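Per-entry structural report
The residues making up each chain are set out below.
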Amino acid sequence: PYDLLVIGGGPAGAAAAIYAARKGIRTGLVAERFGGQVMDTVGIENFISVPYTEGPKLAASLEQHVKEYGVDIITDQRATNLQRNELVDIELKSGATLSSRSVVLATGARWRELGVPGEAEYRTKGVAYCPHCDGPFFKGKHVAVIGGGNSGIEAAIDLAGIVEHVTVLEFADSLRADEVLVRKTQQMDNIDIILNAQTTEVLGDGNKVNGLAYTDRKSGESRKLDLAGVFVQIGLVPNTEFLKESDVVMNRMGEIQIDERGATSIPGVYAAGDATTAPYKQIVISMGAGATAALGAFDYLIRSSVE
Ligand code: FAD
């Protein structure tokens, strides 16, 4: 068995594996795809001390750094269940089971997509999901935010300080965001809000986004907006479906509940990054959380009985 097995090969998982291996304990890492969401990112300008890098480049450095420590890396494998027996057993889709004295869950998350024509085609060419990451690329331009919940309205307020104009499109007949955030948008003169708007297509010129089409759900009319960017803010879905049969406690959004050491509700099982209740989802934050979870797990191991 492993001393520590990391599930996930994004920033959180890579950091956890390096911190664990540096303690001299037997460390494994299982991931469907090394690099995680970083692989889907083009420009990264907020990875502190690195003014600019690109996703695939950062992912390659992450992998190289992990490999320097003799971590047993297993990629193209999906975890399908976790069971706390004498050890922690991780079942894989291949049918194999990996056992470890401790585990760090770092399976990340994915943005909920609109699922309309043009969205996939113009991803990273005007269709964006992360205002902290991509907002500055739209300086002085007109963008839309799809979704009028807290994340959509926070994104609109954030973007309004950078871009020329923000149009929020909400599917329902009212905003679901907190009142204090809604009031803030009313005080900003470069945000307008369209309710009852069902986005039907992201429009582009073949290279980049130039607008979107939506249906006014009240009148049934189709309308168009001219835009340089579309921020989709309809939710972040944690990759924790595989824990449904386990006893790991999650919140109603499916995020794994952790404490300040990264500990979950199951002894020896730790978690880090976008898959958890951590309020902010970023590369630098996930890396710190991965390091924390590995150190938490190491503390657990030195306190539990040796076989
Ligand atoms: P992830 O990166 O999601 O990695 C999860 C890992 O778990 C992957 O290896 C995945 O294959 C694996 N996995 C998932 N399920 C399973 C399973 N069942 N079994 C085995 N393996 C599994 N953040 C920034 O700080 N700056 C930016 O500029 C930035 N831009 C972004 C742009 C885009 C388009 C996106 C999508 C995100 C961006 N982010 C950015 C956010 C950042 O990428 C995430 O916060 C960060 O990657 C989270 O790291 P993580 O390790 O928790 O999860």
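Residues numbered from 1 in each chain as written. Predicted model: local features only at pLDDT ≥ 70, side-chain atom pairs only at ≥ 80, totals over all residues. Heavy atoms only, no water.

Looking at an unreviewed UniProt entry, the protein carries the name Alkyl hydroperoxide reductase subunit F, with the source organism given as Microbulbifer variabilis. The Subunit (unreviewed entry) field of the UniProt record for the protein holds the comment "Homodimer." (UniProt positions renumbered as here; feature names shortened; annotations may be inferred.)

**Observations regarding the sheet that holds strand S14 (residues 197–204)**
In spatial order, the strands read S14-S15-S16; together these three strands make up an open sheet with antiparallel pairing. Each of the sheet's edge strands pairs with one partner strand only, and the pair in question is S14 and strand S16 (222–226). When strand polarity is set aside, the average angle formed by the axes of neighbouring strands in this sheet is 25°. In the sheet, S14 pairs with strand S15 (residues 209–216) via seven bridges, with the strands oriented antiparallel. The residue of S15 that forms the bridge with Ala197 is Asp216. (Pairing = 2+ DSSP bridges. Helix = DSSP H or I, 4+ residues; strand = E, 2+ residues; numbered from the N terminus. Axes fitted to C-alpha atoms, helices over the stretch in contact; angles between N-to-C directions.)

**Some details on the sheet that holds strand S10 (residues 127–128)**
If you walk across this open sheet you meet the five strands as S10-S17-S11-S12-S13, and the pairing is parallel. The sheet is open, and its two edges are formed by S10 and strand S13 (191–194), each paired on a single side. By the bridge criterion, four bridges tie strand S12 (residues 165–169) to S13 in an arrangement that is parallel. Among the inter-strand pairings, Leu169 is bridged to a residue of S13, identified as Ile194.

**Topic: the state of the cysteines**
This structure, assessed with the given rule, holds one disulfide. Covalent S-S linkage joins Cys130 and Cys133, the inter-sulfur distance amounting to 2.1 Å. Around the S-S axis, the bridge from Cys130 to Cys133 shows a dihedral of about 60° and counts as right-handed. Taking the relative accessible area as the measure of exposure, Cys130 reaches 8% and is therefore buried. (Disulfide = S-S within 2.5 Å. Buried < 20%, exposed > 50% of the residue type's maximum accessible area, 1.4 Å probe, protein only.)

**Some details on the site of the ligand**
Residues in close proximity to the ligand total 34 residues, the closest being Arg33, Gln37, Asn46, Ala79 and Trp111. Contact between the ligand and Asp274: an oxygen atom at 2.9 Å from a main-chain N or O atom of the residue. Burial of the ligand by the protein chains amounts to 96% of its free accessible area of 1000 Å². Elements supplying a minimum of two residues to the shell around the ligand: helix H1 (11–21), strand S3 (43–44), strand S9 (109–111) and helix H6 (283–303). (Near = heavy atom within 4 Å. Polar contact = N/O pair within 3.5 Å; in protein donor to acceptor, adjacent residues only side chain to side chain. Areas by Shrake-Rupley, 256 points an atom, 1.4 Å probe, with all protein chains shown as cover.)

**Observations regarding the packing of helix H4 (residues 150–160) against helix H5 (residues 179–187)**
For the pair H4 and H5, interaxial distance at closest approach is 10 Å and the crossing angle is 30°. On the basis of the axis angle, H4 is roughly parallel to H5. In the packing of H4 onto H5, the handedness of the crossing is left-handed. For the pair H4 and H5, contact is made by Asn150, Ile153, Glu154 and Ile157 and by Leu181, Val182, Lys184 and Thr185, respectively. Taken together, the residues of the contact of H4 with H5 sort by class into four nonpolar, two polar and two charged. (Parallel < 35°, antiparallel > 145°, perpendicular 65-115°, else oblique. Left-handed = near helix turned anticlockwise from the far one by under 90°. Contact = heavy atoms within 4.5 Å. Nonpolar A, V, L, I, M, F, W, Y, C, P; charged D, E, K, R; others polar.)

**Regarding the packing of H1 against helix H2 (residues 55–67)**
Pairs of packed helices are described in terms of their axes, by the angle between the two and the distance that separates them. Two numbers describe how H1 lies on H2: the axes approach to 9 Å, and their chain directions differ by 20°. Classified by the interaxial angle, the pair formed by H1 and H2 is roughly parallel. Note that H1 runs across H2; the crossing there is left-handed. Along its contact with H1, which presents Pro11, Ala14, Ala17 and Ile18, the element H2 presents Leu62, His65 and Val66.

**A closer look at the pattern of salt bridges**
Evaluation of the coordinates by the stated rule reveals 13 salt bridges. Residue Glu170 is joined to Arg176 by a salt bridge in which the shortest nitrogen-to-oxygen separation is 3.1 Å. For Glu170, a relative accessible area of 2% translates into the label buried. Owing to a relative accessible area of 57%, Arg176 belongs among the exposed residues under this scheme. Between Lys281 and Glu255 there is a salt bridge; the shortest N-O distance is 3.0 Å. (Salt bridge = Lys/Arg side-chain N within 4 Å of Asp/Glu carboxyl O.)

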